[in-house]
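Single-letter residue listing:
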Amino acid sequence: MTGPAIETRNLSRHYGDLTAVDDLSLRVERGQIFGFLGPNGAGKTTTIRMLLGLIRRDAGSIRIAGHDLSSNRRVALARVGSIVETPALYLNLTGRQNLAVTCHMRGIGKGEIDRVLDIVDLAKEAGRKAGEYSLGMRQRLGIARALLGEPELLVLDEPTNGLDPAGIREIRQLIADAPARFGTTILVSSHMLSEVEQMASHVGVMNQGRLLFQGTLSDLIRTAPHRLEVRLDDPARARTALADNWPDAEISGAGLVLPGVNEADAAAINRQLVEAGIAVTGLTIKPPALEDIFLSLTGETA
Amino acid sequence: MIGVIIADLIKLRGSLVLLVMAVPPVMMTVLGVLVIISGNSAGDWPRTALSGTAIWAYFLLPMTATGLTALLAQLEHSTGVWSHILATGTPRWQIFLSKGLIAFALMGATSLLVGLAIFASGHVGGILVSTEALEGVPPYGQVVAILAKMWVASLLVTAFQLAIALRFSSFALPVSVGIGGTFVAVAATSSQWGLVFPWLMPVNVLASEPERALLAIAIGGIGGLAALAAMIVWLSRRDWD
Ligand SMILES: Nc1ncnc2c1ncn2[C@@H]1O[C@H](COP(=O)(O)OP(=O)(O)OP(=O)(O)O)[C@@H](O)[C@H]1O
Ligand SMILES: [Mg+2]
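Predicted model, so just to flag it, every value in this text is computed and none were measured. (Residues numbered from 1 in each chain as written. Chains lettered and ligands numbered in written order. Predicted model: local features only at pLDDT ≥ 70, side-chain atom pairs only at ≥ 80, totals over all residues. Heavy atoms only, no water.)

Student: If you had to explain the sheet that holds strand 15 (residues 280-286) of chain A to someone new, which residues and values would you point to?
Tutor: Residues and elements named next belong to chain A. If you trace the four strands from one edge of the open sheet to the other, you get 13-14-12-15, paired in antiparallel fashion. The open sheet terminates on both sides in strands that have one partner only, identified here as strand 13 (250-251) and strand 15. When strand 12 (residues 226-232) meets strand 14 (residues 255-261), the two strands line up antiparallel, connected through six bridges. Across the sheet, histidine 226 pairs through a bridge with valine 261, a residue of strand 14. Seen against the sheet, helix 9 (residues 235-242) touches strand 12, strand 13 and strand 14 and runs at an angle of roughly 35° to strand 14. (Pairing = 2+ DSSP bridges. Helix = DSSP H or I, 4+ residues; strand = E, 2+ residues; numbered from the N terminus. Contact = heavy atoms within 4.5 Å. Axes fitted to C-alpha atoms, helices over the stretch in contact; angles between N-to-C directions.)

Student: Which residues make up the site of ligand 1, and what values do they have?
Tutor: Residues in close proximity to ligand 1 total 13 residues, the closest being A:Gly41, A:Gly43, A:Lys44, A:Thr45 and A:Thr46. Chain contributions to the surroundings of ligand 1 come from chains A and B. Within the side chain of A:Lys44, an N or O atom sits 2.8 Å from an oxygen atom of ligand 1. Within the side chain of A:Thr45, a nitrogen or oxygen atom sits 2.6 Å from an oxygen atom of ligand 1. Relative to its unbound accessible surface of 640 Å², ligand 1 loses 64% to contact with the protein. Elements with a contribution of two residues or more to the shell around ligand 1: strand 2 (18-24) and helix 1 (44-51) of chain A. Broken down by element, the residue count for the shell around ligand 1 peaks at three residues, all from helix 1 of chain A. (Near = heavy atom within 4 Å. Polar contact = N/O pair within 3.5 Å; in protein donor to acceptor, adjacent residues only side chain to side chain. Areas by Shrake-Rupley, 256 points an atom, 1.4 Å probe, with all protein chains shown as cover.)

Student: So what's going on with the interface of chain B and chain A? Which residues, and what values?
Tutor: Counting residues at the interface gives 31 residues for chain B and 27 residues for chain A. Interface area, chain B with chain A, both sides summed: about 2600 Å², of which 55% is carbon and sulfur. On the surface where chain B and chain A come into contact, there are two salt bridges. One salt bridge connects A:Arg13 with B:Asp239, and the closest N-O pair in it is separated by 2.7 Å. One can count 14 residue pairs in polar contact (both at pLDDT 80 or more) joining chain B with chain A. At the level of secondary structure, the elements contributing two or more residues to the side of chain B that touches chain A comprise helix 1 (2-11), helix 3 (45-77), helix 4 (82-86) and helix 5 (92-128) of chain B. For the side of chain B that touches chain A, the leading source of residues is helix 1 of chain B, giving six residues. (Buried area = accessible area lost by both parts, 1.4 Å probe. Salt bridge = Lys/Arg side-chain N within 4 Å of Asp/Glu carboxyl O.)

Student: Report on the side chain of B:Thr66, specifying residues and quantitative values.
Tutor: For B:Thr66, the position within the fold is in helix 3. Owing to a relative accessible area of 2%, B:Thr66 belongs among the buried residues under this scheme. (Buried < 20%, exposed > 50% of the residue type's maximum accessible area, 1.4 Å probe, protein only.)

Student: Account for the packing of aromatic side chains, naming residues and giving values.
Tutor: Residue and element names in this part refer to chain B. All told, the structure shown has eight aromatic pairs over all chains when counted by the stated rule. Considering the side-chain rings of tryptophan 45 and phenylalanine 119, the 5.8 Å spacing of their centres and the 35° angle between planes classify their relative orientation as tilted. Of the two residues, tryptophan 45 is situated in helix 3 and phenylalanine 119 in helix 5; the sequence distance between them amounts to 74 residues. Neither tryptophan 45 nor phenylalanine 119 differs from the other in exposure class; each is buried. Between phenylalanine 197 and tryptophan 199, the ring centres sit 5.0 Å apart and the planes meet at 40°, which makes this aromatic pair tilted. Among the aromatic residues, those joined into a ring-pair cluster are Trp45, Phe119 and Tyr140. The cationic tip of arginine 167 hangs over the ring face of phenylalanine 168; the distance from NZ or CZ to the ring centre is 4.7 Å. The residue whose ring lies beneath arginine 238 is tryptophan 240, and the NZ or CZ to ring-centre distance is 4.5 Å. (Phe/Tyr/Trp six-rings, centres within 6.5 Å; stacked < 30°, edge-to-face > 60°. Lys NZ or Arg CZ within 6 Å of the ring centre and 35° of its normal.)

Student: Residue-level account of empty space enclosed by the protein, with values.
Tutor: For the structure on display, the rule yields two cavities of 30 Å³ or more. Within this model, the largest cavity holds a volume of roughly 50 Å³. Considering the residues around the largest cavity, the lining is formed by A:Ile143, A:Leu147, A:Leu154, A:Leu156, A:Leu174, A:Ile175, A:Ala178, A:Phe182 and A:Ile186. Within the residue set of the lining of the largest cavity, elements represented by two or more residues are helix 5 (135-147), strand 8 (153-157) and helix 6 (165-182) of chain A. If you tally residues by element for the lining of the largest cavity, the top one is helix 6 of chain A, at four residues. In terms of residue class, the lining of the largest cavity is built from nine nonpolar, no polar and no charged. In terms of lining, the second largest cavity is formed by B:Asp8, B:Lys11, B:Leu72, B:Leu75, B:Glu76, B:Lys99 and B:Ile102. For the lining of the second largest cavity, the secondary-structure elements that each account for two or more residues are helix 1, helix 3 and helix 5 of chain B. Top element by residues in the lining of the second largest cavity is helix 3 of chain B. It accounts for three residues. Classifying every residue of the lining of the second largest cavity by side-chain character gives three nonpolar, no polar and four charged. (1 Å grid on protein atoms, 1.4 Å probe; cavity = no way out; pocket = protein on both sides within 12 Å on 5 of 7 lines; lining within 4 Å. Points joined across faces, edges and corners; volume = space filled by probe spheres on them. Nonpolar A, V, L, I, M, F, W, Y, C, P; charged D, E, K, R; others polar.)

Student: Lay out helix 4 (residues 111-119) of chain A with the relevant residues and their values.
Tutor: All names here are of chain A. Buried residues of helix 4: Glu112, Ile113, Val116, Leu117 and Ile119, and no others. What you see down the axis of helix 4 is that its buried residues fit within an arc of 155°, all on one side. Facing away from the buried side of helix 4 by more than 90 degrees, the exposed set consists of Gly111 and Asp118. On its buried side, helix 4 packs onto helix 3 (95-106), helix 5 and helix 6. Looking one or two residues past helix 4, aspartate 121 carries a phi angle of roughly 60°, positive in sign. (Arc of directions from axis to C-beta.)

Structural data, given as structure tokens:
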């Protein structure tokens, strides 16, 4: 089938007066690791629930791998593996039995069980009851279950929720390797940009139900305002000289820091300082910290 | 569809569902033996066996239907796995139909165990205290037929309890409804309402008027299948989150 892995058009969902998802048009191409970002309550889980056909939508359309979710739900979801919010397991069953349940439901051969257990490194623990698993093991079993049947698309809702740093790194590595190893596309949600920046090729940023940005990480950085650091001999005098055009300039050690600056601005600032007779020893344009971009996009204060 | 049913059967492993199924036959065996050896039985096989089926129909059957369906639903609710199984793309009607078929089958299996318990208690009681041994011939065929009719008549209450248990994540709600229904049933036995009260259908199988017994089987059986169909439609249409 042709078409992007995920394509939504003008997707909306209300809960009473609240608009949980507002006119969302999302596009995830095949082979991408798409970081789906937003603060708590942004509407990530609601979007994911609609993508998986768990809840109705009030407006809009969803296509998964080119299949319309309304008219072709079974085919659309046949090659999708998912974890929604928590890796919900049958705690009375062993890890292996949990995977067997899903194999039977999806008509997948039992041979898959050993393959996915190896991927998440749970083969030794597979005979233990899931109720005895640690949170990290449950999360890994959830991922193993999502990987059954070699899905074309993985939808993971906050898969590192509640894990320790080692566990987070492990899951992150698994996700980062997945497109190359299994040819899957991945949509992974998170409320922290720093968590997905090492693995995501593309990101979408949501807040209050709206999609504020979607594109590559470098696009996100490029479009965000940069910061200019100027090293010079007399910061106080320099600040006065720039006060008319750049009132935001701040003294920082032996220099000035100017927020919200692009390259053209930098040249103008340099010229102005030299004209004022101030010796500039260095000019650096610094990209903003990713977390700051995220916070300024979503309007939250750090 | 077969895959869905097999998956549902795997989930029963190590769960309390099987324990709930064991309670009625064990209780009836112990109770039956005690009644006989204490000299309080009706004295003969037919009447003693029949009173056994009455205890099942009045009290243990509706309570078993309640507990069994509630636990069956809790397997999914307690771990919040609805999202997972519904996101597999498996048609929803198959998922809910499988639950219904399993609930019906487990009620049937429990009925069989209850039949065994009725005869086991009669024989064991007679062996323990030979002077109190039941007279006459054990009415095997009759009891099996009655239990089978009761099972058919119980489909309605089973489907109803299952629907509530699946729809609401609470465990207490379906259990309260089931206990309430069972007690109201006792009061409603002789009233007009008793003819259509779901929890009473199995009891009505024992009615002396054959029409009333037949009506119970018809309402319980056909109503049970209709209720299951309605449940499937109802649950398939709602949001699951
Ligand atoms: N079943 C529901 N009933 C009412 N409101 C809901 C329901 N589900 C979600 N919401 C609301 O919709 C909004 C979006 O919630 P959602 O769970 O999609 O956010 P999220 O981005 O996943 O947040 P988090 O990072 O906390 O998981 C929230 O305001 C939430 O309160
Ligand atoms: Mg969420």
